[in-house]
Amino acid sequence: MKKNLFYFLAIALPMLTSCSNDTVVSTSRSEIILPKTVKYSSTGSSLVNSFDFTYSGNRIKSITGINERTDYTYEDDFIVKEVKYNTQSGSDVKKEEYSYAYENNKLVSTTYAKNFTAKYPNGSYKERSVYTYNADGNAVMKKYYKDLEFFEAEKLGDIELERNIDQLTFVNGNLTKRVSVISWGSYINYSDTDTTEYLYEYDTNNTPFKNILGFDLLMKDVFVNNAVKTTMSSVLWNGNYLNSNSSNIEYVYNEEGYPVKVSERFKITEYIY
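My aim in this report is to walk through the structure given alongside it, one point at a time. Keep in mind that what you see is a predicted model, and the values were worked out from it rather than measured.

## A look at the overall build of the protein
Argument step 1. Helices and strands together make up the secondary structure of the protein, namely one helix and 18 strands.
Argument step 2. Residues classed as buried in the protein amount to 47% of the 273 residues present.
Argument step 3. Taking the contacts inside the protein whose residues are at least 6 apart along the sequence as the reference set, 46% of them involve residues at least 24 apart.
Argument step 4. Summed over all atoms, the accessible surface of the protein reaches about 14200 Å², with 49% contributed by carbon and sulfur.

And the structure:
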């Protein structure tokens, strides 16, 4: 089974570059620092993908690329909906939709849908993630899914299957460890990997999205600081070693401690505030 790691834009996990540095670019301002434009390029290529951010105060309204746009909806200070559209045809075609629910200022559930058609106006593929928190602030995430089109073809009916269970460990507001285990409650298996462990190391600088209201609650690899190293290890159901690799990310920061350039294995991300 292919594991999903929540991630947003430039915070991609598998990378093989040198360790992070403390290069600083001078800038000075008094307003709230928010990313206005993010640019992505690949090493050895002149192609640049650019995304523009729009806000109402420090509430994000949308992120717009050449052929796509993501809109955000708030209730009070919480992001409750995120909808991604394909705009290439000149009109909005919904591609993906997230809905978020909270209790006690923490995310307790996420629902995700895609493959919107006339037959399946609410999406033929859906996922649901449920979070429960321990007294120490760590969490367990259980993910469920349903593929209506596939299940119908296989005559499985309108059911929901448990996909995986993740143990999440946090230190100082950063996700430092994630242990993802395939749930044997799902009898449709896509992989013979049973357990995958992810370890994350962080710097002490600000993430580009620090001041976007509610962004740090979405469990999309936007936490307090920037991940500078990730290590992934997988084992088979019988305990045999399968795979392990480590990745590093290199940052250039402005004088306020926000990244302006991020170098990864094959990608460079630039932030304009």
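## Points about the pattern of salt bridges
Argument step 1. The final tally for this structure, using the stated rule, is 14 salt bridges.
Argument step 2. Among the ionic pairs, Asp 77 bridges to Arg 59, the shortest N-O distance being 3.0 Å. Placement of the pair is Asp 77 in the loop between β5 (68–75) and β6 (78–86) and Arg 59 in strand β4 (residues 59–64), with a sequence separation of 18 residues.
Argument step 3. Relative accessible area serves as the criterion here: at 41%, Asp 77 is assigned to the partly exposed category.
Argument step 4. Residue Arg 59 is classed as partly exposed on the basis of its relative accessible area of 28%.
Argument step 5. In this structure, the salt-bridge partner of Lys 146 is Asp 158, at a minimum N-O distance of 3.0 Å. Taken together, the positions of Lys 146 in strand β10 (residues 139–147) and Asp 158 in the loop between α1 (148–153) and β11 (161–171) put the pair twelve residues apart, joining distant regions of the chain.
Argument step 6. Take Asp 158: its relative accessible area is 60%, and that puts it in the exposed class.
Argument step 7. Connected through salt bridges with shared partners, the residues Arg 69, Asp 71 and Asp 92 form a single ionic network.

## Overview of the side chain of Ser 234
Argument step 1. With respect to the helices, strands and loops of the structure, Ser 234 is situated in strand β14 (residues 227–236).
Argument step 2. Here the side chain of Ser 234 touches Thr 196 through a polar contact of 3.2 Å, side chain to side chain.

## Things to note about the packing of aromatic side chains
Argument step 1. For the coordinates displayed, the defined rule picks out 16 aromatic pairs.
Argument step 2. On the numbers, 4.8 Å between centres and 45 degrees between planes, the contact of Tyr 98 with Tyr 112 is tilted. Of this pair, Tyr 98 sits in strand β7 (residues 93–103) while Tyr 112 sits in strand β8 (residues 106–114), and the two are 14 residues apart along the sequence. Across the pair, Tyr 112 and Tyr 98 agree in class, each one buried.
Argument step 3. An aromatic cluster is built from Phe 53, Tyr 55, Tyr 72, Phe 209, Phe 215, Tyr 258, Tyr 271 and Tyr 273, whose rings are joined through pairwise contacts.
Argument step 4. When the ring centre of Tyr 74 is taken as reference, the NZ or CZ atom of Arg 59 above it lies at 5.2 Å.

## What about unusual backbone geometry?
Argument step 1. Not every positive phi belongs to a glycine, and Asn 104 is a case in point at roughly 50 degrees.
Argument step 2. Counting through the fold element by element, Asn 104 comes out in the loop between β7 and β8.

## Digging into the pairing of strand β9 (residues 125–133)
Argument step 1. Relative to β9, β8 is paired through six bridges, and the arrangement is antiparallel. In the sheet register, Tyr 112 faces β9, and the bridge partner there is Glu 127.
Argument step 2. Both β9 and β10 contribute to a ladder of nine bridges, which runs antiparallel. Pairing of Thr 132 across the sheet is with Val 140, part of β10.

Calculation criteria
- Sequence order as written defines the numbering, with residues in each chain counted from 1.
- Confidence filtering applies because this is a predicted model: local features only for residues at pLDDT of at least 70, side-chain atom pairs given and counted only at 80 or more, and all residues used for totals across whole chains, interfaces and linings.
- Computation of side-chain values: all heavy atoms of the structure, hydrogens and water removed.
- By the criteria applied, helices consist of DSSP H or I runs no shorter than four residues and strands consist of E runs no shorter than two, each listed in order from the N terminus.
- Only protein chains enter the calculation, and the probe is 1.4 Å; a residue is then buried if its accessible area is under 20% of its type maximum, exposed if over 50%, and partly exposed in between.
- Residues are treated as being in contact if the distance between any of their heavy atoms lies within 4.5 Å.
- Throughout, the Shrake-Rupley method with a 1.4 Å probe supplies accessible areas, and for residues the shown protein chains are the sole cover considered.
- Criterion for a salt bridge: a side-chain nitrogen of Lys or Arg within 4 Å of a carboxyl oxygen of Asp or Glu.
- In protein, a polar contact means a hydrogen-donor-capable atom and an acceptor-capable atom, both N or O and within 3.5 Å, with residues adjacent in sequence counting only if both atoms are side-chain atoms; elsewhere, any N or O pair within 3.5 Å suffices.
- Only the six-membered ring of Trp is used, alongside the rings of Phe and Tyr, when aromatic pairs are assigned; centres must lie within 6.5 Å, and planes under 30 degrees apart are stacked while those over 60 apart are edge-to-face, with the rest tilted.
- Sitting over a ring, as applied to charges here, requires NZ of Lys or CZ of Arg to be within 6 Å of the ring centre and within 35 degrees of the ring normal.
- Strands are treated as partners if at least two bridges between them are detected by DSSP.

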